[in-house]
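# Close look at the chain arrangement
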Protein chains: 2
Amino acid sequence: MSDSDLKQEVTDKYSLRGRVFSRLREDILSGKYEEGEELREVAIGEELGVSRTPVREAFRQLELEGLIRIVPNKGAYVTGISGKDVKDIYMIRSRLEGLAARWATEHITDVQLEEMEENVYLAKFHAEKGHYEQLFELDTRFHEILYEASGSKMLEHQLKDFHQYVIRVRKKTLSSARGPKSNLEHEGIMVAIRDKDGDLAEKLAHEHIINAYENLIKSGYTK
Amino acid sequence: MSDSDLKQEVTDKYSLRGRVFSRLREDILSGKYEEGEELREVAIGEELGVSRTPVREAFRQLELEGLIRIVPNKGAYVTGISGKDVKDIYMIRSRLEGLAARWATEHITDVQLEEMEENVYLAKFHAEKGHYEQLFELDTRFHEILYEASGSKMLEHQLKDFHQYVIRVRKKTLSSARGPKSNLEHEGIMVAIRDKDGDLAEKLAHEHIINAYENLIKSGYTK
DNA sequence: ATATGTATCATTGTATACAATCGTACATTA
DNA sequence: TAATGTACGATTGTATACAATGATACATAT
């Protein structure tokens, strides 16, 4: 890992602040806190058994991650994601995933490729069985592997961030019927990467995200 | 502005933390602090006349912005940008600027378009005169207008972040002879946007960044 | 009745005190 | 001499005290 990668890996798991940050992030993304809900420093601190200081520092970071919005002298509020935000994220991701796939053709390791193949294979099984929970996990992991295989910490971080946001949305449309089709597209991307066909990999990954978005809309996501 | 835009605008100018954050950010980007230099909470606090608390909170944010790296229980260090980071950033930007240009064809306002035209016109003048400092400012501004004209706060923030990083690098290669050529490309992008030709705008903006990177390399940037 | 002023309280903003940690210098030992 | 142990100081991590701010409720005036 480049000693100078921007967009730092978050975050120090062993400090109180780090634990508060991770916990809050999880809780927000999982939907424990409603959109717009106010987070009070003391309350959060008491819940996690820490003072306000680490909570405040975690808040500052969550603000920059876009998960909460801090109004000076007033409070911290869980941010919502508008329909337009979701669309923008998908469109941005479509470009960047394409780039990641292209770079993966150059940088993927044997281990990563193997995990990708296994992922596709396993997903095929779960798709047939209708195991949506597992499909969801495999889908998430497929994209993570892709990001890692890009060989770019910068790109990896960007995409992981976006992916995180979208998870909130994706969970709502989990049981849609896209599973098998999505996995077929994964397979195509995987094969293109294996064949070191950069142009094709980029094109397929790009289309994959566009398709995912269109499916999201079709399955009735609005906000 | 969407009340739910992720990637918050940074930051509360009127709190001490906000001032510390902005000041440190400026100082790092301007090169006042060397890469790798250690930032001590007390020293920074004394310099700015505040206690450690707002400094620490600003540090946490700067860390997430990627400008410093915090080693737990040890210290905060100004991050360096490797040659590969720079390349990755340019490649990512090339995709996203393309997207921004495409969206700008749909969302640009008359006022924005006018400023863009004026920008190109003025730059032509300064390019002839060899006014590199002004060219630099105009170039920066051109891209900012483009980001704003995209109509996507998400994309705008992403690109502004990347642009910031790159400014550190660009300053080193300021007086290269690319000014006029770059401005011609700006003009092309501007015309494509004015003509509402999304495909062309995306293509030109994409190429523009690639060219900028190649010029950077040619003019001897290494690290 | 509505508008405005004011007291009060909850909450955030900041400073500071204390605890934990890390690095260094020096002593000790083989 | 080289390796290891240890004490000390500098720095960060956390808790808490106090200040500033904003919201609310109630009183007062028009």
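Residues numbered from 1 in each chain as written. Chains lettered and ligands numbered in written order. Predicted model: local features only at pLDDT ≥ 70, side-chain atom pairs only at ≥ 80, totals over all residues. Heavy atoms only, no water.

Attention shifts here to the protein's contact with DNA strand C. Around DNA strand C, the surrounding shell holds 20 residues, and the nearest of these are A:R40, A:R56, B:L16, B:S51 and B:T53. Taking all atoms of DNA strand C within 4 Å of the protein, the share assigned to sugar and phosphate is 69%. A distance of 2.5 Å separates a phosphate oxygen of DNA strand C from a polar side-chain atom of A:R56. In this structure, a phosphate oxygen belonging to DNA strand C sits 2.6 Å away from a main-chain N or O atom of B:L16. For the surface near DNA strand C, the secondary-structure elements that each account for two or more residues are α3 (52-65) of chain A together with α1 (16-30) and α3 (52-65) of chain B. (Near = heavy atom within 4 Å. Polar contact = N/O pair within 3.5 Å; in protein donor to acceptor, adjacent residues only side chain to side chain. Helix = DSSP H or I, 4+ residues; strand = E, 2+ residues; numbered from the N terminus.)

Moving on to the environment of A:L29. Along the chain, A:L29 falls in helix α1 (residues 16-30). As for A:L29 and A:I167, which are separated by 138 residues in sequence, their C-alpha atoms are 7.4 Å apart.

As a further point, take the domain arrangement of chain A. Taken domain by domain, chain A comprises domain 1 (3-78) and domain 2 (83-218). Computed from C-alpha atoms alone, the centre-to-centre distance between domain 1 of chain A and domain 2 of chain A is 28 Å. (Domains from an automatic or database assignment.)

Residues and elements named next belong to chain A. Reading across from one edge, β1-β3-β2 is the order of the 3 strands in this open sheet, with antiparallel pairing throughout. Bordering the open sheet on either side are β1 (38-39) and β2 (68-71), each of which pairs with just one other strand. Examined bridge by bridge, β2 and strand β3 (residues 75-78) share 4 bridges and lie antiparallel to one another. Its bridge partner being in β3, I70 is matched across the sheet by A76. (Pairing = 2+ DSSP bridges.)

Moving on to the interface of chain B and chain A. Chain B puts 45 residues into the contact, and the matching count from chain A is 45 residues. Taking both sides of the interface into account, the surface hidden between chain B and chain A amounts to around 4100 Å²; carbon and sulfur atoms contribute 58%. For the pair chain B and chain A, the number of links is 6 salt bridges. A salt bridge links A:E57 to B:R56; the shortest N-O distance between them is 2.8 Å. Going through the elements one at a time, α3, β2 (68-71), α4 (83-107) and α7 (153-170) of chain B are the ones with two or more residues in the side of chain B that touches chain A. Sort the elements by how many residues they give to the side of chain B that touches chain A and α4(B) lands first, with 11 residues. Classifying every residue of the side of chain B that touches chain A gives 16 nonpolar, 11 polar and 18 charged. (Contact = heavy atoms within 4.5 Å. Buried area = accessible area lost by both parts, 1.4 Å probe. Salt bridge = Lys/Arg side-chain N within 4 Å of Asp/Glu carboxyl O. Nonpolar A, V, L, I, M, F, W, Y, C, P; charged D, E, K, R; others polar.)

Across all of its chains, the model carries 2 aromatic pairs over all chains by this definition. Measuring from centroid to centroid gives 5.4 Å for A:Y90 and A:Y213, while their planes differ by 45 degrees, and the two rings are tilted. Note that A:Y90 is positioned in helix α4 (residues 83-107) and A:Y213 in helix α9 (residues 198-218), a separation of 123 residues in sequence. We note B:K84 situated over the ring of A:W103; from NZ or CZ to the ring centre the distance is 6.0 Å. (Phe/Tyr/Trp six-rings, centres within 6.5 Å; stacked < 30°, edge-to-face > 60°. Lys NZ or Arg CZ within 6 Å of the ring centre and 35° of its normal.)

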